[in-house]
Amino acid sequence: MKLSPRDANAFFARPDPRAAGLLIFGEDAMRVALKRQDVVANIVGAGAEEEMRLTRMSGGDLRREPALLLDAIKAQGFFPGPRAVLVEEATDGLAKIFDAALADWREGDAQIVATAGQLTARSALRKLFEGAKNAYSAALYNDPPSRGEIEAELGRAGLAEVGQDAMATLEALARDLTPGDFRQTLEKIALYKFEDSAPLSVDEVMLNAPVSIEADIDDIFHVLAEGRSAEIAPLMQRLSAQGVAPVTLLIMGMRHFRALYAITSAPGGASQGIARLRPPIFGPRRDRMLRQAQSWTPVKLETALEVLMDTDLSLRSAGQRAPAMALVERAFVRLAYIARL
């Protein structure tokens, strides 16, 4: 049976004990691994490994010894409780082995949890689990987690009180980070908020968010748009040390100032302009760009974009001999000056 994303999340949280098997597949290996970890924990509960109620094997193990799967499903443990068999890196070549195991499965046997990479609609393994009456198939896509999924992760991390702005910031982080990094960030926040009953704030989220090159790049454009020229040189040195290319800075700079132009020139005002931006801007970055838009007019932004485009053309010129990063820094100083006009 094929599970929709919404039904899949419900199944992961409360697996059906009458289901013989579940196939989880997707392009993102970390996303698949996290969901597999959750569903296995919800099937067998705590202490399953110590009590030998969880059997692990790989697709390679099954190819060498096809009887392993059925033996593990039927094996009786010394400890009471639900049992599961985890098969990682399953492939289409194992479809017949899974077919036989599902056909021979009876209630009380160990449940099968199989994981795989990206599978096409013609995949034999995918067709088997989708077509079986006693098994389920769940595809994981690289979409940002929904608000419900984020709330479930917050609950798992022990974070009960989350402010509205903090939630918007977490949603923005969930779009930018990998699933594993996002879960680790929530665990870090939970430790930071241990025995603190106050609602989670935006500052506390950002304090525990991973530091990245992208964050530094965002910082430089905020500095320019806010006219803080004294901070340009240190940030440029840090970005240069991280290996950020001058052309990359110009491209991202034009993106930032085009967004400001769209905000300031919108017929319905800045709030209408920022609401129309795609991709949308959330959290503290949204508030910051709205404040920046108050200091810029469409005419000033047109001048800023001309400075960036002229610098980009200079960098691409065959006769250009000046250091590229120095040219970009000079252009950025001009932008900070324009911001103060």
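Quick caveat, the model's predicted, so the values are computed rather than measured. (Residues numbered from 1 in each chain as written. Predicted model: local features only at pLDDT ≥ 70, side-chain atom pairs only at ≥ 80, totals over all residues. Heavy atoms only, no water.)

Draft legend 1. Summary view of the sheet that holds strand β4 (residues 84-88). The strand order β1-β6-β2-β5-β4-β3 describes an open sheet built from 6 strands, whose pairing is parallel. On the outer flanks of this sheet lie β1 (2-3) and β3 (54-58), each paired with one strand and no other. In this sheet, strand β6 (residues 135-140) lies alongside strand β2 (residues 21-26) in parallel orientation, the contact comprising 6 bridges. Following the sheet pairing, Phe25 is matched in β6 by Ala139. Strands β1, β2, β5 (111-116) and β6 of the sheet are contacted by helix α6 (residues 124-131), whose axis makes an angle of about 140 degrees with β2. (Pairing = 2+ DSSP bridges. Helix = DSSP H or I, 4+ residues; strand = E, 2+ residues; numbered from the N terminus. Contact = heavy atoms within 4.5 Å. Axes fitted to C-alpha atoms, helices over the stretch in contact; angles between N-to-C directions.)

Draft legend 2. Main features of the layout of surface pockets. Of the voids in this model, the second largest pocket is the one considered here, and its volume is about 700 Å³. Lining the second largest pocket are 31 residues, with Asn9, Arg31, Lys35, Pro145 and Glu149 positioned closest to its centre. Of all the elements in the fold, those that place two or more residues in the lining of the second largest pocket are α1 (5-13), α2 (29-44), β6, α7 (147-157), α8 (164-176) and α9 (179-192). Of the residues belonging to the lining of the second largest pocket, the class tally is 15 nonpolar, 6 polar and 10 charged. (1 Å grid on protein atoms, 1.4 Å probe; cavity = no way out; pocket = protein on both sides within 12 Å on 5 of 7 lines; lining within 4 Å. Points joined across faces, edges and corners; volume = space filled by probe spheres on them. Nonpolar A, V, L, I, M, F, W, Y, C, P; charged D, E, K, R; others polar.)

Draft legend 3. How the structure looks around the packing of aromatic side chains. Inspection of the entire model under this criterion finds 4 aromatic pairs. Ring centres of Phe221 and Phe332 lie 6.0 Å apart, and the angle between their planes is 80 degrees; this geometry places the pair in the edge-to-face category. Placement of Phe221 in helix α11 (residues 213-225) and of Phe332 in helix α17 (residues 324-340) is noted, with a sequence separation of 111 residues between them. Residue class for Phe221 comes out buried when judged on its relative accessible area of 2%. Residue Phe332 is classed as buried on the basis of its relative accessible area of 0%. In this structure, Lys300 packs its charged tip against the face of Trp296, placed 5.4 Å from the ring centre. (Phe/Tyr/Trp six-rings, centres within 6.5 Å; stacked < 30°, edge-to-face > 60°. Buried < 20%, exposed > 50% of the residue type's maximum accessible area, 1.4 Å probe, protein only. Lys NZ or Arg CZ within 6 Å of the ring centre and 35° of its normal.)

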